[in-house]
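# Overview (structure and organization)
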Amino acid sequence: MKIAVIGKGGREQALVETLAASPSKPQLFSFPGSDAIFRTAAPLVADGLDSLMDAMMREGIDLCVAGEESYLVKGEGLANRCAQAGIPCWGPPKESAWLEASKEFAKKFLTRHGIPTGKALVVKDAREAREAIGGHYPTVLKFDGLAAGKGVAVCPDEKSAEAFLDEVFEQQRFGEGRLLVEEYLTGPEISIFAAVCDDKYLVLCPARDYKRLKDGDQGPNTGGMGAVASRSLTDDDTMRAIEQTIVAPTVAGLQADGLPYRGFLYFGLMLTPDGPKVIEYNCRFGDPECEAVMPLLRGDLAGFCMAGARGDFKPELISFSDGWSVCCILASAGYPASSHSGDLISGLENCAARVFHCGTRCSDGGWKTAGGRVLAVTATGDSLEQARETAHAEAAKIDFFGCQRRSDIAYRNV
Ligand code: AMP
Ligand code: GLY
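These notes cover the structure that comes with them. Keep in mind that what you see is a predicted model, and the values were worked out from it rather than measured. (Residues numbered from 1 in each chain as written. Chains lettered and ligands numbered in written order. Predicted model: local features only at pLDDT ≥ 70, side-chain atom pairs only at ≥ 80, totals over all residues. Heavy atoms only, no water.)

### Side note on the sheet that holds strand β4 (residues 63-66)
Applied cut-off: Strands are labelled as partners when DSSP assigns at least two bridges between them. Helix and strand labels come from DSSP, where a helix needs a run of H or I of at least four residues and a strand needs a run of E of at least two; each type is numbered from the N terminus. Here, two residues are considered to be in contact whenever any of their heavy atoms come within 4.5 Å of each other. Interaxial angles span 0 to 180 degrees and are taken between N-to-C directions of axes, which are lines fitted to C-alpha atoms, for helices over the stretch in contact.
Taken together, the 5 strands give an open sheet; going across it, the order is β3-β2-β1-β4-β5, and neighbouring strands pair in parallel fashion. Edge positions in the sheet fall to β3 (42-43) and β5 (89-90), since each of these pairs with one other strand and no more. Sheet topology places strand β2 (residues 27-32) next to β3; 2 bridges connect them, and they run parallel. By the bridge assignment for β3, Ser-30 is matched with Pro-43. Sheet strands touched by helix α2 (residues 49-59): β1 (2-7), β2 and β4. Its angle to β1, the strand with the most contacts, is close to 160°.

See below:
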(Lines give C-alpha, C1' and ligand atoms only; values in the text may rest on other atoms or scores of the structure.)
(Ligands and ions follow the chains in the order given, each with its own letter.)
Protein backbone atom coordinates (compact mmCIF):
# COMPACT_ATOMS: atom_id res chain seq x y z
CA MET A 1 0.00 0.00 0.00
CA LYS A 2 1.34 3.42 -1.00
CA ILE A 3 0.27 6.37 1.14
CA ALA A 4 0.86 10.07 0.46
CA VAL A 5 0.73 12.46 3.44
CA ILE A 6 0.07 16.08 2.49
CA GLY A 7 1.71 18.75 4.65
CA LYS A 8 5.11 19.58 6.02
CA GLY A 9 5.04 20.12 9.79
CA GLY A 10 5.42 18.21 13.01
CA ARG A 11 1.86 16.93 12.68
CA GLU A 12 2.63 15.40 9.31
CA GLN A 13 5.84 13.82 10.59
CA ALA A 14 3.87 12.28 13.47
CA LEU A 15 1.28 10.95 10.99
CA VAL A 16 3.96 9.64 8.63
CA GLU A 17 5.81 7.82 11.42
CA THR A 18 2.62 6.33 12.88
CA LEU A 19 1.44 5.22 9.44
CA ALA A 20 4.89 3.76 8.72
CA ALA A 21 4.77 1.75 11.96
CA SER A 22 1.42 0.18 10.99
CA PRO A 23 1.45 -3.63 10.70
CA SER A 24 0.27 -3.29 7.09
CA LYS A 25 3.75 -1.83 6.38
CA PRO A 26 2.80 0.85 3.85
CA GLN A 27 5.24 2.69 1.65
CA LEU A 28 5.13 6.40 2.54
CA PHE A 29 5.32 9.50 0.34
CA SER A 30 4.91 13.16 1.22
CA PHE A 31 4.26 16.56 -0.33
CA PRO A 32 5.56 19.18 0.26
CA GLY A 33 7.20 17.28 3.13
CA SER A 34 10.35 18.29 4.94
CA ASP A 35 13.90 17.00 5.34
CA ALA A 36 12.78 15.28 8.57
CA ILE A 37 9.75 13.67 6.91
CA PHE A 38 11.88 12.53 3.97
CA ARG A 39 13.80 10.22 6.33
CA THR A 40 10.63 8.07 6.41
CA ALA A 41 8.65 9.11 3.32
CA ALA A 42 9.78 9.62 -0.25
CA PRO A 43 9.22 13.10 -1.73
CA LEU A 44 6.43 13.66 -4.25
CA VAL A 45 7.84 16.25 -6.60
CA ALA A 46 5.15 18.82 -7.43
CA ASP A 47 4.50 22.55 -7.32
CA GLY A 48 0.74 22.75 -6.90
CA LEU A 49 -2.45 20.73 -6.85
CA ASP A 50 -2.35 19.80 -10.57
CA SER A 51 1.18 18.50 -10.52
CA LEU A 52 0.59 16.86 -7.14
CA MET A 53 -2.27 14.86 -8.68
CA ASP A 54 0.03 13.90 -11.58
CA ALA A 55 2.75 12.83 -9.14
CA MET A 56 0.32 10.72 -7.10
CA MET A 57 -0.98 9.02 -10.26
CA ARG A 58 2.58 8.41 -11.48
CA GLU A 59 3.58 6.79 -8.16
CA GLY A 60 0.39 4.73 -8.01
CA ILE A 61 -0.65 6.18 -4.63
CA ASP A 62 -3.40 4.09 -2.98
CA LEU A 63 -4.35 6.54 -0.25
CA CYS A 64 -3.96 10.29 0.25
CA VAL A 65 -3.94 11.53 3.86
CA ALA A 66 -4.58 15.25 4.30
CA GLY A 67 -2.43 16.67 7.08
CA GLU A 68 -2.99 20.40 6.78
CA GLU A 69 -6.16 22.24 5.87
CA SER A 70 -5.06 24.57 3.09
CA TYR A 71 -5.02 21.91 0.36
CA LEU A 72 -8.57 20.83 1.21
CA VAL A 73 -10.00 24.19 0.15
CA LYS A 74 -7.42 25.24 -2.47
CA GLY A 75 -8.62 25.23 -6.09
CA GLU A 76 -11.09 22.42 -6.58
CA GLY A 77 -10.00 20.85 -3.26
CA LEU A 78 -7.57 18.00 -2.63
CA ALA A 79 -10.21 15.40 -1.73
CA ASN A 80 -12.40 16.43 -4.70
CA ARG A 81 -9.45 15.99 -7.05
CA CYS A 82 -8.58 12.65 -5.47
CA ALA A 83 -12.19 11.50 -5.98
CA GLN A 84 -11.95 12.43 -9.68
CA ALA A 85 -8.66 10.53 -9.95
CA GLY A 86 -10.01 7.49 -8.10
CA ILE A 87 -7.57 7.86 -5.18
CA PRO A 88 -9.19 7.30 -1.76
CA CYS A 89 -8.60 10.35 0.42
CA TRP A 90 -8.63 10.60 4.23
CA GLY A 91 -9.76 14.21 4.48
CA PRO A 92 -13.05 15.85 3.45
CA PRO A 93 -14.05 17.47 0.14
CA LYS A 94 -14.05 21.24 -0.22
CA GLU A 95 -17.79 21.68 0.43
CA SER A 96 -17.36 20.06 3.86
CA ALA A 97 -14.01 21.69 4.66
CA TRP A 98 -15.87 25.04 4.75
CA LEU A 99 -16.59 24.02 8.32
CA GLU A 100 -13.02 25.11 9.04
CA ALA A 101 -12.48 27.67 6.29
CA SER A 102 -15.50 29.83 7.10
CA LYS A 103 -16.50 30.75 10.64
CA GLU A 104 -19.87 31.95 9.33
CA PHE A 105 -20.53 28.61 7.59
CA ALA A 106 -19.59 26.76 10.79
CA LYS A 107 -21.74 28.98 12.99
CA LYS A 108 -24.77 28.49 10.73
CA PHE A 109 -24.18 24.74 10.72
CA LEU A 110 -23.96 24.66 14.54
CA THR A 111 -27.10 26.74 14.97
CA ARG A 112 -29.08 24.77 12.37
CA HIS A 113 -28.31 21.50 14.12
CA GLY A 114 -28.79 22.75 17.68
CA ILE A 115 -25.18 22.09 18.68
CA PRO A 116 -24.07 24.17 21.69
CA THR A 117 -21.89 27.16 20.73
CA GLY A 118 -21.52 30.86 21.57
CA LYS A 119 -24.14 33.21 20.11
CA ALA A 120 -22.83 35.27 17.22
CA LEU A 121 -23.77 37.94 14.70
CA VAL A 122 -22.20 38.32 11.27
CA VAL A 123 -21.24 41.87 10.28
CA LYS A 124 -19.82 43.42 7.10
CA ASP A 125 -18.24 46.62 8.38
CA ALA A 126 -16.94 48.37 11.50
CA ARG A 127 -20.21 50.25 12.09
CA GLU A 128 -22.24 47.03 12.16
CA ALA A 129 -19.59 45.46 14.38
CA ARG A 130 -19.88 48.26 16.96
CA GLU A 131 -23.65 47.90 16.90
CA ALA A 132 -23.39 44.12 17.43
CA ILE A 133 -20.90 44.54 20.29
CA GLY A 134 -23.32 47.01 21.89
CA GLY A 135 -20.74 48.09 24.45
CA HIS A 136 -20.56 44.60 25.99
CA TYR A 137 -17.03 43.50 26.86
CA PRO A 138 -15.20 41.19 26.73
CA THR A 139 -16.23 40.34 23.20
CA VAL A 140 -14.81 37.93 20.65
CA LEU A 141 -14.17 39.01 17.04
CA LYS A 142 -13.51 36.39 14.37
CA PHE A 143 -12.54 37.06 10.79
CA ASP A 144 -14.55 34.81 8.49
CA GLY A 145 -11.79 32.99 6.66
CA LEU A 146 -8.52 31.11 6.96
CA ALA A 147 -6.13 33.47 8.72
CA ALA A 148 -3.40 31.08 9.93
CA GLY A 149 -4.75 31.19 13.47
CA LYS A 150 -4.49 34.99 13.64
CA GLY A 151 -8.05 35.91 12.71
CA VAL A 152 -9.52 35.73 16.23
CA ALA A 153 -9.34 38.49 18.82
CA VAL A 154 -10.63 38.16 22.35
CA CYS A 155 -11.18 41.83 23.23
CA PRO A 156 -11.39 42.83 26.89
CA ASP A 157 -12.34 46.43 26.07
CA GLU A 158 -13.30 48.92 23.38
CA LYS A 159 -9.71 49.91 22.65
CA SER A 160 -8.65 46.37 21.71
CA ALA A 161 -11.84 45.82 19.69
CA GLU A 162 -11.27 49.04 17.73
CA ALA A 163 -7.68 48.01 17.02
CA PHE A 164 -8.84 44.66 15.59
CA LEU A 165 -11.68 46.27 13.59
CA ASP A 166 -9.05 48.55 12.07
CA GLU A 167 -6.88 45.55 11.12
CA VAL A 168 -9.83 43.74 9.54
CA PHE A 169 -11.73 46.51 7.76
CA GLU A 170 -9.22 49.33 7.22
CA GLN A 171 -5.92 47.53 6.72
CA GLN A 172 -7.68 44.40 5.37
CA ARG A 173 -4.88 42.37 6.92
CA PHE A 174 -6.66 39.08 6.18
CA GLY A 175 -8.10 40.18 2.84
CA GLU A 176 -11.75 40.87 2.17
CA GLY A 177 -14.33 39.22 4.33
CA ARG A 178 -16.97 39.49 6.99
CA LEU A 179 -16.61 39.29 10.72
CA LEU A 180 -18.32 37.33 13.48
CA VAL A 181 -19.05 39.12 16.73
CA GLU A 182 -19.29 36.27 19.21
CA GLU A 183 -20.38 35.86 22.79
CA TYR A 184 -17.44 35.58 25.20
CA LEU A 185 -17.35 32.13 26.78
CA THR A 186 -15.38 30.97 29.81
CA GLY A 187 -14.01 27.62 30.95
CA PRO A 188 -11.16 25.23 30.20
CA GLU A 189 -10.56 24.39 26.55
CA ILE A 190 -10.18 20.89 25.18
CA SER A 191 -9.37 19.48 21.75
CA ILE A 192 -11.54 16.53 20.76
CA PHE A 193 -10.72 14.48 17.67
CA ALA A 194 -13.01 12.14 15.83
CA ALA A 195 -12.31 9.91 12.87
CA VAL A 196 -15.45 10.34 10.76
CA CYS A 197 -16.56 7.92 8.06
CA ASP A 198 -19.91 8.97 6.56
CA ASP A 199 -22.51 8.40 9.32
CA LYS A 200 -20.07 6.68 11.70
CA TYR A 201 -17.32 8.01 13.93
CA LEU A 202 -14.73 7.08 16.49
CA VAL A 203 -13.76 9.57 19.20
CA LEU A 204 -9.98 9.51 19.57
CA CYS A 205 -7.80 10.38 22.56
CA PRO A 206 -8.53 13.96 23.73
CA ALA A 207 -5.83 16.60 24.15
CA ARG A 208 -5.29 20.11 25.38
CA ASP A 209 -3.06 22.60 23.66
CA TYR A 210 -1.37 25.69 25.01
CA LYS A 211 -2.01 28.57 22.64
CA ARG A 212 -0.31 31.46 24.36
CA LEU A 213 3.41 32.06 23.85
CA LYS A 214 4.42 32.46 27.47
CA ASP A 215 4.14 30.67 30.80
CA GLY A 216 0.96 31.31 32.73
CA ASP A 217 -1.03 31.61 29.48
CA GLN A 218 0.44 35.06 28.88
CA GLY A 219 1.63 36.70 25.68
CA PRO A 220 0.23 36.48 22.16
CA ASN A 221 -1.74 33.58 20.68
CA THR A 222 0.35 31.11 18.69
CA GLY A 223 -0.30 27.97 16.65
CA GLY A 224 0.32 26.10 19.91
CA MET A 225 3.31 25.91 22.28
CA GLY A 226 2.67 22.43 23.57
CA ALA A 227 0.04 19.82 24.26
CA VAL A 228 -0.97 17.14 26.70
CA ALA A 229 -2.98 14.09 25.69
CA SER A 230 -4.54 11.25 27.65
CA ARG A 231 -7.72 9.24 27.76
CA SER A 232 -7.80 10.37 31.41
CA LEU A 233 -7.73 14.08 30.50
CA THR A 234 -11.45 14.42 31.26
CA ASP A 235 -13.89 12.34 33.26
CA ASP A 236 -16.30 9.88 31.63
CA ASP A 237 -19.37 12.09 32.20
CA THR A 238 -17.79 15.01 30.35
CA MET A 239 -16.70 12.78 27.48
CA ARG A 240 -20.20 11.32 27.28
CA ALA A 241 -21.74 14.81 27.20
CA ILE A 242 -19.30 15.87 24.48
CA GLU A 243 -20.13 12.84 22.40
CA GLN A 244 -23.91 13.13 22.84
CA THR A 245 -24.35 16.89 22.48
CA ILE A 246 -21.54 17.69 20.03
CA VAL A 247 -19.86 14.84 18.16
CA ALA A 248 -22.93 12.74 17.30
CA PRO A 249 -25.09 15.75 16.23
CA THR A 250 -22.21 17.06 14.10
CA VAL A 251 -21.86 13.78 12.21
CA ALA A 252 -25.66 13.56 11.84
CA GLY A 253 -25.72 17.21 10.68
CA LEU A 254 -23.12 16.54 7.99
CA GLN A 255 -25.27 13.66 6.74
CA ALA A 256 -28.47 15.71 6.86
CA ASP A 257 -26.84 18.56 4.92
CA GLY A 258 -25.38 16.20 2.32
CA LEU A 259 -21.81 17.10 3.30
CA PRO A 260 -19.59 14.06 2.68
CA TYR A 261 -16.94 13.48 5.33
CA ARG A 262 -14.21 10.90 5.64
CA GLY A 263 -11.28 12.03 7.74
CA PHE A 264 -10.21 13.52 11.04
CA LEU A 265 -12.53 16.14 12.48
CA TYR A 266 -11.24 18.36 15.26
CA PHE A 267 -13.62 20.00 17.72
CA GLY A 268 -12.16 22.97 19.61
CA LEU A 269 -14.37 23.08 22.71
CA MET A 270 -14.79 25.14 25.81
CA LEU A 271 -16.11 23.40 28.92
CA THR A 272 -18.37 26.24 30.08
CA PRO A 273 -20.46 26.27 33.26
CA ASP A 274 -23.44 25.48 30.93
CA GLY A 275 -21.72 22.44 29.43
CA PRO A 276 -19.32 21.91 26.51
CA LYS A 277 -19.63 24.37 23.62
CA VAL A 278 -17.98 24.46 20.20
CA ILE A 279 -15.41 27.23 19.64
CA GLU A 280 -14.35 25.96 16.23
CA TYR A 281 -14.17 23.01 13.87
CA ASN A 282 -11.01 22.02 12.04
CA CYS A 283 -11.09 19.48 9.23
CA ARG A 284 -7.80 17.85 10.15
CA PHE A 285 -5.79 16.85 13.18
CA GLY A 286 -4.53 19.53 15.58
CA ASP A 287 -0.93 20.67 15.62
CA PRO A 288 0.76 20.19 18.15
CA GLU A 289 -1.96 17.88 19.52
CA CYS A 290 -1.14 15.31 16.83
CA GLU A 291 2.45 15.11 18.06
CA ALA A 292 1.10 14.26 21.54
CA VAL A 293 -1.72 11.90 20.50
CA MET A 294 0.06 9.78 17.82
CA PRO A 295 2.62 8.27 20.23
CA LEU A 296 -0.34 6.83 22.23
CA LEU A 297 -1.96 5.22 19.18
CA ARG A 298 -1.81 1.44 18.92
CA GLY A 299 -2.86 -0.75 16.02
CA ASP A 300 -3.02 -0.18 12.30
CA LEU A 301 -3.54 3.50 11.47
CA ALA A 302 -2.72 2.86 7.80
CA GLY A 303 -5.34 0.13 7.50
CA PHE A 304 -7.86 2.24 9.42
CA CYS A 305 -7.43 5.31 7.16
CA MET A 306 -7.35 3.20 3.98
CA ALA A 307 -10.60 1.41 4.89
CA GLY A 308 -12.22 4.64 6.13
CA ALA A 309 -11.34 6.56 2.98
CA ARG A 310 -13.16 3.83 1.02
CA GLY A 311 -16.22 4.10 3.25
CA ASP A 312 -15.45 0.97 5.22
CA PHE A 313 -15.34 1.99 8.89
CA LYS A 314 -13.08 -0.27 10.98
CA PRO A 315 -12.76 1.20 14.49
CA GLU A 316 -11.37 -2.09 15.79
CA LEU A 317 -8.09 -1.41 13.94
CA ILE A 318 -6.88 1.34 16.30
CA SER A 319 -6.89 2.07 20.02
CA PHE A 320 -5.11 4.39 22.46
CA SER A 321 -2.92 3.21 25.28
CA ASP A 322 -3.48 4.28 28.87
CA GLY A 323 -1.07 6.81 30.19
CA TRP A 324 -0.09 10.32 29.27
CA SER A 325 1.74 12.10 26.49
CA VAL A 326 3.26 15.58 26.75
CA CYS A 327 4.62 17.63 23.87
CA CYS A 328 6.78 20.75 24.30
CA ILE A 329 7.29 23.09 21.36
CA LEU A 330 10.57 24.87 20.71
CA ALA A 331 9.94 28.03 18.68
CA SER A 332 12.37 30.33 16.93
CA ALA A 333 13.26 33.91 17.83
CA GLY A 334 10.51 36.39 17.01
CA TYR A 335 7.68 33.83 16.91
CA PRO A 336 4.70 34.31 16.50
CA ALA A 337 5.03 37.81 14.98
CA SER A 338 7.95 36.62 12.81
CA SER A 339 10.39 33.72 12.73
CA HIS A 340 14.13 33.20 12.47
CA SER A 341 15.65 30.70 10.09
CA GLY A 342 19.10 29.26 9.56
CA ASP A 343 20.10 28.94 13.22
CA LEU A 344 22.02 25.76 14.04
CA ILE A 345 20.14 23.41 16.40
CA SER A 346 22.30 21.74 19.06
CA GLY A 347 21.62 18.84 21.41
CA LEU A 348 19.31 16.81 19.17
CA GLU A 349 21.58 13.78 19.49
CA ASN A 350 21.30 13.86 23.31
CA CYS A 351 17.52 13.99 23.34
CA ALA A 352 15.98 10.67 24.39
CA ALA A 353 12.37 11.72 23.70
CA ARG A 354 10.59 11.64 20.34
CA VAL A 355 11.34 14.74 18.31
CA PHE A 356 9.07 15.88 15.50
CA HIS A 357 10.30 18.62 13.19
CA CYS A 358 7.85 21.47 12.68
CA GLY A 359 10.17 23.84 10.85
CA THR A 360 13.75 22.71 10.22
CA ARG A 361 16.11 22.14 7.35
CA CYS A 362 19.09 19.85 7.13
CA SER A 363 22.09 21.45 5.46
CA ASP A 364 25.84 20.91 5.66
CA GLY A 365 25.14 17.90 7.83
CA GLY A 366 23.35 19.88 10.55
CA TRP A 367 19.75 20.71 11.44
CA LYS A 368 18.82 24.38 11.28
CA THR A 369 15.71 26.35 12.16
CA ALA A 370 13.34 27.06 9.25
CA GLY A 371 10.12 28.50 10.60
CA GLY A 372 8.25 29.73 13.66
CA ARG A 373 7.60 26.48 15.45
CA VAL A 374 10.81 24.48 15.08
CA LEU A 375 10.59 21.23 17.04
CA ALA A 376 8.03 19.26 19.05
CA VAL A 377 9.53 17.11 21.81
CA THR A 378 7.15 14.42 23.06
CA ALA A 379 7.43 12.01 25.98
CA THR A 380 4.91 9.43 27.13
CA GLY A 381 4.58 7.91 30.58
CA ASP A 382 2.27 5.90 32.78
CA SER A 383 1.58 8.99 34.85
CA LEU A 384 1.18 12.66 34.00
CA GLU A 385 4.13 13.51 36.25
CA GLN A 386 6.42 11.06 34.48
CA ALA A 387 5.45 12.20 30.98
CA ARG A 388 5.81 15.91 31.68
CA GLU A 389 9.05 15.67 33.61
CA THR A 390 10.63 13.67 30.80
CA ALA A 391 9.26 15.95 28.07
CA HIS A 392 10.59 19.11 29.74
CA ALA A 393 13.95 17.57 30.67
CA GLU A 394 14.52 16.23 27.16
CA ALA A 395 13.36 19.45 25.49
CA ALA A 396 15.84 21.37 27.66
CA LYS A 397 18.72 19.46 26.05
CA ILE A 398 18.02 21.13 22.71
CA ASP A 399 18.96 24.70 21.96
CA PHE A 400 19.32 27.25 19.18
CA PHE A 401 19.56 31.02 18.90
CA GLY A 402 16.55 32.70 20.56
CA CYS A 403 14.82 29.37 21.37
CA GLN A 404 11.43 29.95 23.02
CA ARG A 405 9.81 27.24 25.13
CA ARG A 406 7.12 27.24 27.81
CA SER A 407 8.06 25.60 31.10
CA ASP A 408 4.48 25.00 32.30
CA ILE A 409 3.15 22.70 29.56
CA ALA A 410 1.04 19.97 31.23
CA TYR A 411 1.61 21.60 34.64
CA ARG A 412 -1.13 24.13 34.09
CA ASN A 413 -4.80 23.56 33.17
CA VAL A 414 -4.72 19.78 33.44
P1 AMP B 1 -10.06 29.90 17.34
O2 AMP B 1 -9.08 30.37 16.32
O3 AMP B 1 -11.47 30.00 16.92
O4 AMP B 1 -9.67 28.56 17.90
O5 AMP B 1 -9.89 30.87 18.60
C6 AMP B 1 -8.62 31.07 19.18
C7 AMP B 1 -8.78 31.17 20.67
O8 AMP B 1 -9.61 32.28 21.01
C9 AMP B 1 -9.49 29.98 21.31
O10 AMP B 1 -8.64 28.91 21.53
C11 AMP B 1 -10.01 30.58 22.57
O12 AMP B 1 -8.99 30.64 23.55
C13 AMP B 1 -10.36 31.98 22.17
N14 AMP B 1 -11.81 32.05 21.86
C15 AMP B 1 -12.42 31.78 20.69
N16 AMP B 1 -13.74 31.93 20.77
C17 AMP B 1 -13.99 32.32 22.04
C18 AMP B 1 -15.19 32.67 22.76
N19 AMP B 1 -16.39 32.65 22.17
N20 AMP B 1 -15.06 33.02 24.05
C21 AMP B 1 -13.85 33.08 24.65
N22 AMP B 1 -12.69 32.78 24.03
C23 AMP B 1 -12.76 32.41 22.74
N1 GLY C 1 -3.59 23.40 17.93
C2 GLY C 1 -4.52 24.20 17.23
C3 GLY C 1 -4.74 23.82 15.84
O4 GLY C 1 -4.20 22.86 15.33
O5 GLY C 1 -5.49 24.51 15.17
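### With respect to the sheet that holds strand β6 (residues 120-123)
Pairing is antiparallel across the open sheet formed by 4 strands, whose spatial order is β6-β9-β7-β8. With partners counted over all chains shown, the strands left at the sheet margins are β6 and β8 (152-155), one partner each. Ignoring strand direction, the axes of neighbouring strands in this sheet form an average angle of 20°. Where strand β7 (residues 139-143) lies against strand β9 (residues 179-182), 4 bridges are found, and the strand directions are antiparallel. Considered in β9, the bridge of Leu-141 is made with Val-181. Against the sheet, helix α6 (residues 103-112) contacts β6, β7, β8 and β9, and its axis sits at roughly 45° relative to β9.

### As for helix α4 (residues 78-85)
Keep this limit in mind: Relative accessibility under 20% of the residue-type maximum defines a buried residue, over 50% an exposed one, and the middle range a partly exposed one, all with a 1.4 Å probe and only protein chains included.
Within α4, burial applies to Leu-78, Ala-79, Asn-80, Arg-81 and Cys-82. Contacts from the buried residues of α4 go to β1, α2, β4, α3 (70-73), β5 and α5 (94-101). Just past α4, the residue Gly-86 takes up positive phi, approximately 80°.

### A closer look at the nonpolar core
Looking at soluble globular proteins, one finds that nonpolar side chains tend to be buried together. What counts here: Residues enter a nonpolar core if they are buried and are Ala, Val, Leu, Ile, Met, Phe, Trp, Tyr or Cys, with the set joined through side-chain atoms within 4.5 Å.
If you look at the biggest cluster of nonpolar residues, it comprises 73 residues, and the most contacted ones within it are Met-56, Leu-78, Phe-267, Tyr-281 and Ile-398. Ranked by the residues each element gives to this core, the list is headed by helix α9 (residues 236-256), at 6 residues. Each residue touching Met-56, except ones within four places of it in the same chain, is listed here: Ala-4, Leu-44, Ile-61, Cys-64, Leu-78, Cys-82 and Ile-87. Counting 48 residues, the second largest nonpolar core, distinct from the first, contains Leu-28, Leu-213, Val-293 and Phe-320.

### Re the pairing of strand β22 (residues 360-363)
Pairing geometry for β22 and strand β23 (residues 366-369), over 4 bridges, is antiparallel. Bridge pairing in β23 places Arg-361 opposite Lys-368. The antiparallel hairpin formed by β22 and β23 contains 2 residues in its connecting segment, where Asp-364 sits at a positive phi of about 50°.

### What about the site of ligand 2?
What counts is decided by this rule: Whether a residue is near a molecule or strand depends on its heavy atoms: if one lies within 4 Å, it is near. Pairs of N or O atoms are called polar contacts if they sit within 3.5 Å, as long as, within protein, a hydrogen donor faces a hydrogen acceptor (for residues adjacent in sequence, only side-chain-to-side-chain pairs). Put simply, Ala, Val, Leu, Ile, Met, Phe, Trp, Tyr, Cys and Pro go in the nonpolar bin, Asp, Glu, Lys and Arg in the charged bin, and everything else, Gly too, in the polar bin.
Asp-209, Gly-223, Tyr-266, Asn-282, Arg-284, Gly-286, Asp-287, Pro-288 and Glu-289 make up every residue found near ligand 2. The separation between an oxygen atom of ligand 2 and a polar main-chain atom of Asp-287 is 2.9 Å. One of the side-chain N or O atoms of Glu-289 is found 2.7 Å from a nitrogen atom in ligand 2. Looking at the shell around ligand 2 residue by residue, the classes come out as 2 nonpolar, 3 polar and 4 charged.

### Concerning the site of ligand 1
Stated formally: For the area figures, the Shrake-Rupley method with a 1.4 Å probe applies, and any residue is considered shielded solely by the protein chains shown.
Lining the immediate surroundings of ligand 1 are 14 residues, of which Glu-182, Glu-183, Leu-185, Glu-189 and Glu-280 lie closest. In the model, a nitrogen atom of ligand 1 is placed 2.8 Å from a nitrogen or oxygen of the Glu-183 main chain. When isolated, ligand 1 has an accessible area of 480 Å², and the protein chains bury 91% of it. When residues of the shell around ligand 1 are traced back to their parent elements, those giving at least two are β7, β8 and β17 (275-282).

### Some remarks on the environment of Ile-318
Note that Ile-318 resides in strand β19 (residues 318-320). In sequence terms Ile-318 and Leu-202 are 116 residues apart; their C-alpha atoms lie 9.7 Å from each other. Beyond its immediate chain neighbours, meaning those up to four positions away, Ile-318 contacts Leu-202, Leu-204, Leu-297, Arg-298, Asp-300, Leu-301 and Phe-304.

### A closer look at the side chain of Ser-102
Counting through the fold element by element, Ser-102 comes out in the loop between α5 and α6. When its relative accessible area of 9% is taken as the criterion, Ser-102 is described as buried. Side-chain polar atoms of Ser-102 contact the side chain of Asp-144, separated by 2.8 Å.

Any functional reading would require information beyond the geometric quantities listed.
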